[in-house]
Amino acid sequence: MALPKYTETRYRIWHYFYIAICTFVFIFLIAPLFVIFPLSFNAEEFLVFSEGMKNLDPDAFSLRWYKDMVYGTKNPWGLAAKNSFIIAIFATLGSVILGTVAALGLSSRHMPFKGIIMATLISPMIVPLIISGVAIFFFMAKAGLAATHTGIVLAHIILGTPFVVITVTATLSGFDHSVTRAAASLGSNPVNTFMKITLPLILPGVISGGLFAFVTSFDEVVVVLFLAGLENTTIPIQMWTGLREQLSPTILAVATCLIILSTLILISAELLRRRSERLRGINR
Amino acid sequence: MSSETKQILTTDGIPLEISLKKAERKNKIKAFLLVAPLLLFLIITYIFPIGEMFTRSIDDKMITNMLPKTFKSMETWDGKELPPEEVFASFLSDFKILVDKKEHGKLAQRLNKEKNGFTTITKKLFRQVKRNKIDETQSIKEQIMKVHKRWRNVEYWQAIKRTAPPYTSAKYLKAMDMYLNEDNKITQVSEDRRIHRILWLRTVEVAFFVTVFCFLMGYPIAHLLATLPMKYSNLLMICVLLPFWTSLLVRTASWMILLQQQGVVNDFFVMIGLVADDNRPEMMYNKVGTYVAMTQILLPFMVLPLYSVMKTISPSLMRAGKSLGGTPFVAFWKVYFPLTIPGIGAGCLLVFILAIGYYITPALVGGASGTLISNQIAYHMKSTLDWSFASAMGLMLLSGVLVIYWIYNKLVGVDNIKLG
């Protein structure tokens, strides 16, 4: 962004001002995530930087809260993590299967009422979560599925499918349908064609939709708060209660682990996006 | 050839047009069958329950089923003076059934909501009925009127009559701080009890300002990301995408740490001498906290659509604008800015829709002055268990969001939502 030599002073000043604003916004976006790292290694019980930490005294740092997270006697994090992973994995599987199949139908040019059906399928993403929570709670209570894993998994499938539908339809929009016709003309049945031809080509889109569904479920707290009993506690619920009641540094240890997890997800999502663009022949 | 064109036939003798239509219909059914499982699933578990919220919010059948004979006999009563003997008699027989089913408490509770004072007089009547003090061969009207002076007051009978319809708009009026008075007129509640209207206004205000802040902060960085060379912008893009993928609660937690009185932001202010050490401002548990945290959390939803639009604008357009004599500001305002309007629309509407239904962050960092309508809905769902009131408020919020969604759809189209 080097400025040409002939730039007038006022534009020069404006340009540096613009760079300053951008720097500020980037710091605003990313810095909050980095306060958590050092504080989670705090040797003391307070959520502020102690004098020792400011002087980089090694005694002021410890792994105490990580130990507490894993071995703590009263800590519910073990159960919460287990529940979160089980629920998120099943919700992702459900969302991916239902969403991909629906996206295949939606991308067909023969699909009737495309607009209204698409709007319905996307609606859980647009309707405020609190309303989805109330509605899903009414259904689950009637179906006897409140406070069960099944109920929460179904709820998260509802919330996760829109992401799969959107990413897979986007992938299919660049899809060359003549390859499936070629397969059919060579005698392949539709299921075989899908498994051998279509799926490998749209797989990056399917997986990145799945990642969205996974994160949605793993991160979801509003609907779970309505549905979960003591047995179905999840990581977000524990964080929510922890943040409301006693802010213990153990939460920061958990948060650090979650940030590492989201970094991994970000990297895989980026790699998938690039692969998908390569497969669809979009060159940048 | 004659003037009539000959019908084209397929090899098996069926007219081509019909044969094509058949194939078309087959394809249509095939496509629909693929969508059907998800559509059915969503309709049963999601769309119907939202509809159920509506019936629940206007439902007032409980009392209609409790006093069927009373309401039947009240049909002929003009409601001006005390009702005739017949009404009293059917009320007593309805009431006796309720006493047998031990549901008279529920009746008292419901009637008390309509008019204060019903709890006491139903209790008194209950005692008389329990002790079999009411002689059915005598005038029931006289006996009930003797139980308590309020039974002689026509206003209480009018209140009972008002509860007759199986549906009520009371919950919706309550959400707007209004109620139906004795003459069936919509009235405002007294000034000191108007809490919901403040919450609605605050919700819209917070959503609006968060959208404005997101736009003001998101536009410059989206522009920078779109104009920088790939290798730098990919690196900076991480600053946008990492928060996007990080748990909402983690980000809220970090804001709670940053904004607390002994927190990093206050430390910084003290360090540069902006505030005195013993006079650190409270930045959390008020609107400041809500604004700051929500802006950071929703900013990626503004940057991503803006970026995807700006990426398609050719830099030569700005150069052309400048070479035709425009200053950089004029070139930006007349050439670049109008081209980014679709992105601005998409980003702003997305952020506004998300902000208006926000619940978790305001509940944690907002304190009392940061609570929004969603918090109120959750409160009535979980604490007071007034589910019909929560449903009514939820649907009012939903209709607002749907209007915005509809505009969004008209302007950008749902299928143009871009993720990541």
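What counts, and at which threshold
Residues numbered from 1 in each chain as written. Chains lettered and ligands numbered in written order. Predicted model: local features only at pLDDT ≥ 70, side-chain atom pairs only at ≥ 80, totals over all residues. Helix = DSSP H or I, 4+ residues; strand = E, 2+ residues; numbered from the N terminus. Rg over C-alpha atoms; globule rule 2.2 N^0.38 Å. Buried ≥ 20, exposed ≤ 12 C-beta atoms within 10 Å, placed from the backbone. Contact = placed C-beta atoms within 7 Å. pLDDT = per-residue confidence, 0-100. Nonpolar A, V, L, I, M, F, W, Y, C, P; charged D, E, K, R; others polar. Core = buried A, V, L, I, M, F, W, Y, C linked by C-beta atoms within 7 Å. Axes fitted to C-alpha atoms, helices over the stretch in contact; angles between N-to-C directions. Parallel < 35°, antiparallel > 145°, perpendicular 65-115°, else oblique. Left-handed = near helix turned anticlockwise from the far one by under 90°. Arc of directions from axis to C-beta.

Chemist: I'm lost on the overall build of chain B in this one. Help?
Modeler: For chain B, the helix and strand inventory stands at 19 helices and two strands. Computed over its C-alpha atoms, the radius of gyration of chain B comes to 32 Å, more than 25% above the 22 Å expected for a compact globule of 420 residues. Once the C-alpha set of chain B is aligned to its principal axes, its extents read approximately 100 × 100 × 40 Å. Burial statistics for chain B: of 420 residues in total, 34% are counted as buried. Within chain B, residue pairs in contact and separated by at least 24 positions form 67% of the contacts whose partners lie at least 6 positions apart.

Chemist: In this structure, what is going on with the confidence of the model for chain A? I would like to understand it.
Modeler: The predicted coordinates ought not to be read in detail in places where the model reports low pLDDT. Taken residue by residue, chain A gives an average pLDDT of 86. The fraction at 70 or more is 96%. The secondary structure element of chain A with the lowest average pLDDT is helix α2 (residues 51–54) of chain A, at 70, and the one with the highest is helix α4 (residues 77–107) of chain A, at 93.

Chemist: Any chance you could explain the interface of chain A and chain B here in plain terms?
Modeler: Interface size is commonly expressed as the accessible surface area that is lost when the partners come together. Contact residues are listed per partner, giving 75 residues for chain A and 71 residues for chain B. No other element matches helix α1 (residues 9–40) of chain A, which puts 14 residues into the side of chain A that touches chain B. Classifying every residue of the side of chain A that touches chain B by side-chain character gives 62 nonpolar, ten polar and three charged.

Chemist: Honestly, the nonpolar core in this entry has me stumped. Any pointers?
Modeler: Nonpolar side chains in soluble globular proteins generally cluster together in the buried interior. Judged by nonpolar contacts, the single largest core of 161 residues is most densely connected at A:A102, A:V134, B:L298, B:V351 and B:A355. The next biggest cluster of nonpolar side chains, apart from the first, holds 20 residues, and it includes B:M66, B:L67, B:I121 and B:I144.

Chemist: I tried to follow the packing of helix α5 (residues 114–126) of chain A against helix α1 (residues 16–58) of chain B on my own but got confused; where do I start?
Modeler: A pair of packed helices is characterised by two quantities: the angle between their axes and the separation of those axes. Orientation of α5(A) relative to α1(B), taken along the N-to-C sense of each, is 55°, at an axis distance of 10 Å. It follows that α5(A) is oblique to α1(B) by the angle criterion. Read as a crossing pair, α5(A) and α1(B) show a hand that is left-handed. Contact residues: α5(A) offers A:I117, A:T120, A:L121 and A:P124, while α1(B) offers B:V35, B:L38, B:L39, B:L42 and B:Y46. Class assignment for the residues of the contact of α5(A) with α1(B) results in eight nonpolar, one polar and no charged.

Chemist: What is the right way to look at helix α5 (residues 104–114) of chain B in this model?
Modeler: Because each turn of an α-helix spans 3.6 residues, side chains separated by three or four positions in sequence point in the same direction. Residues and elements named next belong to chain B. Residues of α5 that are buried: H104, L107, L111 and E114. One face of α5 carries all of its buried residues, which in axial projection span an arc of 70°. Looking at the packing, one finds that the buried side of α5 touches α2 (61–66), α4 (85–100), α6 (118–130) and α8 (154–162).

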